[in-house]
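Structural overview
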Amino acid sequence: MTLGFTEPYLFDKPLQAGFTVFMSRFDYNQARQASILAGTNLTTLYNQLGQQNLLNYVSNSKGFTTFMSYPLKRSFARLGISYGYTIQSVNTLTAAATSYYTYLNFLNINGPNQLAGIRSSSITPSFTYNTVNHPITPTAGKALSASIQLTGLGGNVNQIEPVIDAKYFRRGLGKTHVIGLHFSGRYITGYGGKTAAPFNRFFMGGENDVRGFQYFQITPVAFVPIESSVPLLNSDGTPRQQYVQNAGGSGFPGFVAVTKSVASYQLVTPGGDTALVANAEYRIPIFGPVTLAAFFDAGMNRLLNTSQLDINPSRIAQLNSEFPDASFPAKAVVAPGTQPIRASTGLELQVLMPVVNAPFRIYFAYNPWIVNTTVQPPIVTDRSFFPNQASFLNGLAQVGNVFPFEEKRTLFRFTVGRTF
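A brief report on the enclosed structure follows. (Residues numbered from 1 in each chain as written. Predicted model: local features only at pLDDT ≥ 70, side-chain atom pairs only at ≥ 80, totals over all residues. Heavy atoms only, no water.)

Attention now goes to the overall build of the protein chain. Along the backbone of the protein chain there are five helices and 21 strands. Judged by the C-alpha coordinates and their principal axes, the protein chain covers about 80 × 45 × 35 Å. When the 420 residues of the protein chain are sorted by exposure, 45% land in the buried category. For the protein chain, contacts bridging at least 24 residues in sequence account for 70% of all contacts bridging at least 6. Each charge class in the protein chain was averaged separately, 30 positive and 19 negative side chains, and the resulting centres sit 9 Å apart. (Helix = DSSP H or I, 4+ residues; strand = E, 2+ residues; numbered from the N terminus. Buried < 20%, exposed > 50% of the residue type's maximum accessible area, 1.4 Å probe, protein only. Contact = heavy atoms within 4.5 Å. Lys, Arg positive; Asp, Glu negative; His and termini not counted. Charge placed at Lys NZ, Arg CZ, Asp CG, Glu CD.)

What follows covers the pattern of salt bridges. Tallied over the full model, the rule gives six salt bridges. The salt bridge involving E348 is made with R211; its shortest N-O contact spans 3.1 Å. Taken together, the residues span a long stretch of sequence, with E348 in strand β17 (residues 342-353) and R211 in the loop between β9 (189-190) and β10 (222-231) at a distance of 137 residues. Each of the two residues, E348 as well as R211, counts as buried. One salt bridge connects E348 with R361, and the closest N-O pair in it is separated by 3.0 Å. (Salt bridge = Lys/Arg side-chain N within 4 Å of Asp/Glu carboxyl O.)

Before going further, it helps to examine a nonpolar patch on the surface. On the surface, a nonpolar cluster with roughly 1100 Å² of combined accessible area is contributed by I286, F287, L292, L347, L349, I362, F364, Y366, F412, F414 and V416. When contributions to the nonpolar patch are tallied by element, the ones reaching two or more residues are β14 (274-287), β17, β18 (358-369) and β21 (410-416). You can call L347 partly exposed: its relative accessible area is 49%. (Patch = residues over 30% accessible without salt bridge, like charges linked within 9 Å, V, L, I, M, F, W, Y side chains within 5 Å. Areas by Shrake-Rupley, 256 points an atom, 1.4 Å probe, with all protein chains shown as cover.)

A few words on the environment of F203. Examined against the element boundaries, F203 turns out to sit in the loop between β9 and β10. Separated by 107 residues in sequence, F203 and A96 have C-alpha atoms that sit 16 Å apart.

By the secondary structure assignment, E207 is in the loop between β9 and β10. There is a polar contact of 2.5 Å between the side chain of E207 and the side chain of T415. Beyond its immediate stretch of four places on either side in the chain, E207 contacts Y215, R361, Y363, R413, T415, V416 and T419. (Polar contact = N/O pair within 3.5 Å; in protein donor to acceptor, adjacent residues only side chain to side chain.)

What makes E348 buried here is its relative accessible area of 1%. At 2.6 Å, the side chain of E348 forms a polar contact with the side chain of Q350. There is a polar contact of 3.0 Å between the side chain of E348 and the side chain of R361.

All of the buried residues along helix α3 (residues 95-103) are A96, A97, S99, Y100, Y101 and T102. Residues of α3 that are buried sit in contact with β3 (57-71), β4 (77-92), β10 and β13 (259-268).

In this structure, Y100, Y101, F106, F199 and F328 are the most contacted members of the largest nonpolar core, which totals 50 residues. At the level of secondary structure, the elements contributing two or more residues to this core comprise α3, β10, β13, α4 (313-322), α5 (389-399) and β20 (403-406). Not counting residues within four places of it along the chain, the set of residues in contact with Y101 comprises L55, Y57, V90, T92, Q114, L115, P198 and F199. With nine residues, the next largest nonpolar core counts F202, V210, F213 and A275 among its residues. (Core = buried A, V, L, I, M, F, W, Y, C linked by side-chain atoms within 4.5 Å.)

Within α4, burial applies to R315, I316 and L319. Down the axis, α4 shows its buried residues gathered within 95 degrees of arc, on one side only. Of the exposed residues in α4, those oriented more than 90 degrees away from the buried face are P313 and S321. At its buried positions, α4 is contacted by α3 and β10. (Arc of directions from axis to C-beta.)

What follows is the structure in structure tokens.
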């Protein structure tokens, strides 16, 4: 729920000012969210990484934003500033979200308490320059916007997020043809001994950036140190059991499986701290509101600042005390091979609908640059942890699962709006 007001000409001057007040509940499920946006069921695709390896959570937020901007004299530029305050709480729903969000050192607190009462106080100065001749169907002009969000003037979150976005339009080879170019760059980092809030990292893919990929599919993969429980086996491979007085909490005696705690790693998809996107389109009007556009998109989403993956020191000390041979590092481990530049090219049919004032789009994309590999967590357990070879091999299979990381070469999709 959002309530807002904007005054475009405050005090009889070209001073634009306004505010918004909001309250929201966001149930974030990576596979379901991507399926809704894509209009097709992508659950199987995302579950290749394992449902417990997805960063699924529920977030409750409330807050407000106030803003104002003023045009520079004799120019198409404006200077602006905004202030926002948000109170947020996060409930994790999967093992990956629990391991990553509750032990990442972003509030210097160990455990789930750091996910309650997250208070962000942000100020954002901005600069915009715009000579684009039409907001929906531009044929000429350029636009540049730059801002830097500083969070930490109060609250308990410390992070900096600079953003730059540029567009350029000009006539193509034909009289009505249009060449459009777009570039955007974002970076996020914590400061003052804190990391950036992990749920604010960047995910890419979809028609808003690199069209040939599924929504939120372009993300680095990392591994977080955890403690796992694996079943023990007898030497012949049968499950090892023991007789207890209260089997399974039933209040009756019986046999239960024997398990052992071992050191391992949990796969997570943490998002990037650096996102760069470049788009190019060649738009050819066919008739009336119908336009054919050839496009090329390229994007990079990386974790460049690995110090932002620090795990809470008390959590690492606890794990290394319990498993001294594991020698867990003080930060999450980034999986190699999951952060290259992706690219997509294809054709898009655009139909401008005057009622919604936005183009309906059907596009086919071919992806020349994809990732097609497997990822495996580091192995930090050995034979000495287990009573026999059968138990060792079974435990190794569970804590050392190989996960497929495969992206498709082609994509056909219907959507509404513009990439830029």
